[in-house]
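One-letter residues, chain by chain:
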Amino acid sequence: LGSMRVPRVYQQFALMCGIILALVFRGIFIMAGAALIERFAWVFFIFGAFLLYTGIKLVIDYRKHGEEESAQTDTAVMRFVKRVVPSTDEYHGTHFSVKIDGRRVFTPIFFVVVALGSIDIMFALDSIPAIFGLTQEPYLVFTANFFALMGLRQLYFLLGGLLQRLVYLSVGLSFILAFIGVKLVLHAMHEYHLDDHLSVSIDVPIWLSLTVIIGTLLVTTVASLIKSRRDEERERALEG
């Protein structure tokens, strides 16, 4: 929303439309994922490997770019839509399209919603496998996504400022994704009885997964806030 310079008065509307699209896309992914998991246990190997790759990539990106984050709204979908859809650079309230000189054109709010929807598809590729690592109940998976997205809409402006202080958030998330990736691989091995020769089960229990996730988020948050405070004190000292 910031990179596309959306006026504040339209941001809540754009967020609501983006959340509706996100729920539709995630519902489709959840149903497809649940159907695959029910029939093929080896899908957990794919989900686990993808989460491991995503976690490693987050660490590499953090080491390469540091604390800077770039909002990449110019996705392939956006480039295609902008190329084929007639548009205007002016906002016309919350209308997606208007007629100008007898010609139907689409307003920037339409492209904002398309950007939100297309970006959420990319986020869903790792968030959906990750939550399947905690529960295989489609209802619980969709409900968790629903409440998370609706809560994000209400906390958007608060989180926007807070995220700038959580400098280690990507590191914490990368660890969580890698942990769940390993958990999924171990679960798949357990389903195929590859741990029969071991004296203990390699299937990670849910309580341990939740403990690791909550602990990682707490450590990440505290470490980030301490670093942000030290950086602010250093800047004030240099200015003084």
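Scroll up for the structure.
Residues numbered from 1 in each chain as written. Predicted model: local features only at pLDDT ≥ 70, side-chain atom pairs only at ≥ 80, totals over all residues. Heavy atoms only, no water.

### Notes on the environment of Leu 177
Tracing the backbone through its elements, the reader meets Leu 177 in helix α6 (residues 169-191). For the pair Leu 177 and Phe 50, spaced 127 residues apart in sequence, the C-alpha to C-alpha distance is 9.2 Å. (Helix = DSSP H or I, 4+ residues; strand = E, 2+ residues; numbered from the N terminus.)

### Describing the pairing of strand β1 (residues 97-100)
Inspection of the sheet shows β1 paired to strand β2 (residues 103-106) by 4 bridges, in the antiparallel sense. Bridge pairing in β2 places Lys 99 opposite Arg 104. Between the antiparallel neighbours β1 and β2 lie 2 residues, among them Asp 101 with a positive phi of about 55°. (Pairing = 2+ DSSP bridges.)

### Things to note about the nonpolar core
With 21 residues, the main nonpolar core has Phe 47, Leu 51, Phe 132, Ile 180 and Leu 184 as its most contacted residues. A per-element tally of this core places α6 first, with 6 residues. Setting aside chain neighbours within four positions, we find Phe 132 in contact with Ile 30, Gly 33, Ala 34, Ile 37, Phe 44, Phe 47, Val 141 and Leu 184. With 5 residues, the next largest nonpolar core counts Val 6, Tyr 10, Ile 109 and Val 112 among its residues. (Core = buried A, V, L, I, M, F, W, Y, C linked by side-chain atoms within 4.5 Å. Buried < 20%, exposed > 50% of the residue type's maximum accessible area, 1.4 Å probe, protein only. Contact = heavy atoms within 4.5 Å.)

### A look at the pattern of salt bridges
What the rule picks out here adds up to 2 salt bridges. Across the pair Lys 227 and Asp 231 runs a salt bridge, and its minimum N-O distance is 3.0 Å. Placement of both Lys 227 and Asp 231 in helix α7 (residues 206-239) is noted, with a separation of 4 residues, approximately one turn of the helix. Taking the relative accessible area as the measure of exposure, Lys 227 reaches 21% and is therefore partly exposed. The salt bridge involving Arg 234 is made with Asp 231; its shortest N-O contact spans 2.9 Å. Taken together, the residues Arg 234 and Asp 231, both in helix α7 and 3 residues apart, mark about one turn of the helix. On the basis of relative accessibility, which here comes to 48%, the residue Arg 234 falls in the partly exposed class. Connected through salt bridges with shared partners, the residues Lys 227, Asp 231 and Arg 234 form a single ionic network. (Salt bridge = Lys/Arg side-chain N within 4 Å of Asp/Glu carboxyl O.)

### Considerations on unusual backbone geometry
Here Asp 101, not a glycine, exhibits a phi torsion of approximately 55°, which is positive. Relative to the elements of secondary structure, Asp 101 occurs in the loop between β1 and β2.

### Comments concerning the packing of α6 against α7
In contact at an axis separation of 9 Å, α6 and α7 are set at 165° when each is read in the N-to-C sense. Relative to α7, the element α6 is oriented roughly antiparallel. Crossing of α6 over α7 shows right-handed handedness. Contact with α6, carried on its side by Leu 169, Gly 172, Phe 175, Ile 176, Phe 179, Ile 180 and Lys 183, involves Leu 208, Ser 209, Val 212, Ile 213, Thr 216, Leu 217, Thr 220 and Ser 224 of α7 and no other residues of that element. Looking at the contact of α6 with α7 residue by residue, the classes come out as 9 nonpolar, 5 polar and 1 charged. (Axes fitted to C-alpha atoms, helices over the stretch in contact; angles between N-to-C directions. Parallel < 35°, antiparallel > 145°, perpendicular 65-115°, else oblique. Left-handed = near helix turned anticlockwise from the far one by under 90°. Nonpolar A, V, L, I, M, F, W, Y, C, P; charged D, E, K, R; others polar.)

### Observations regarding a nonpolar patch on the surface
A cluster of nonpolar side chains, namely Leu 36, Phe 40, Trp 42, Phe 45, Ile 46, Tyr 192 and Leu 194, defines an oily patch on the protein surface of about 630 Å² accessible area. Turning to its location among the elements, Phe 40 is positioned in the loop between α1 (8-39) and α2 (43-65). (Patch = residues over 30% accessible without salt bridge, like charges linked within 9 Å, V, L, I, M, F, W, Y side chains within 5 Å. Areas by Shrake-Rupley, 256 points an atom, 1.4 Å probe, with all protein chains shown as cover.)

### Structural notes on α6
Taking 1.5 Å per residue, 23 residues should reach 33 Å; α6 reaches 33 Å between its end C-alpha atoms and fits that length. Of the positions making up α6, those classed as buried are Ser 170, Gly 172, Ser 174, Ile 176, Leu 177, Phe 179, Ile 180, Gly 181, Lys 183, Leu 184, His 187 and Ala 188. Following α6 by one or two positions, His 193 adopts a phi angle in the positive range, close to 60°. (Expected span 1.5 Å × (residues − 1).)

Everything listed here is a matter of geometry and, on its own, says nothing about what the molecule does.
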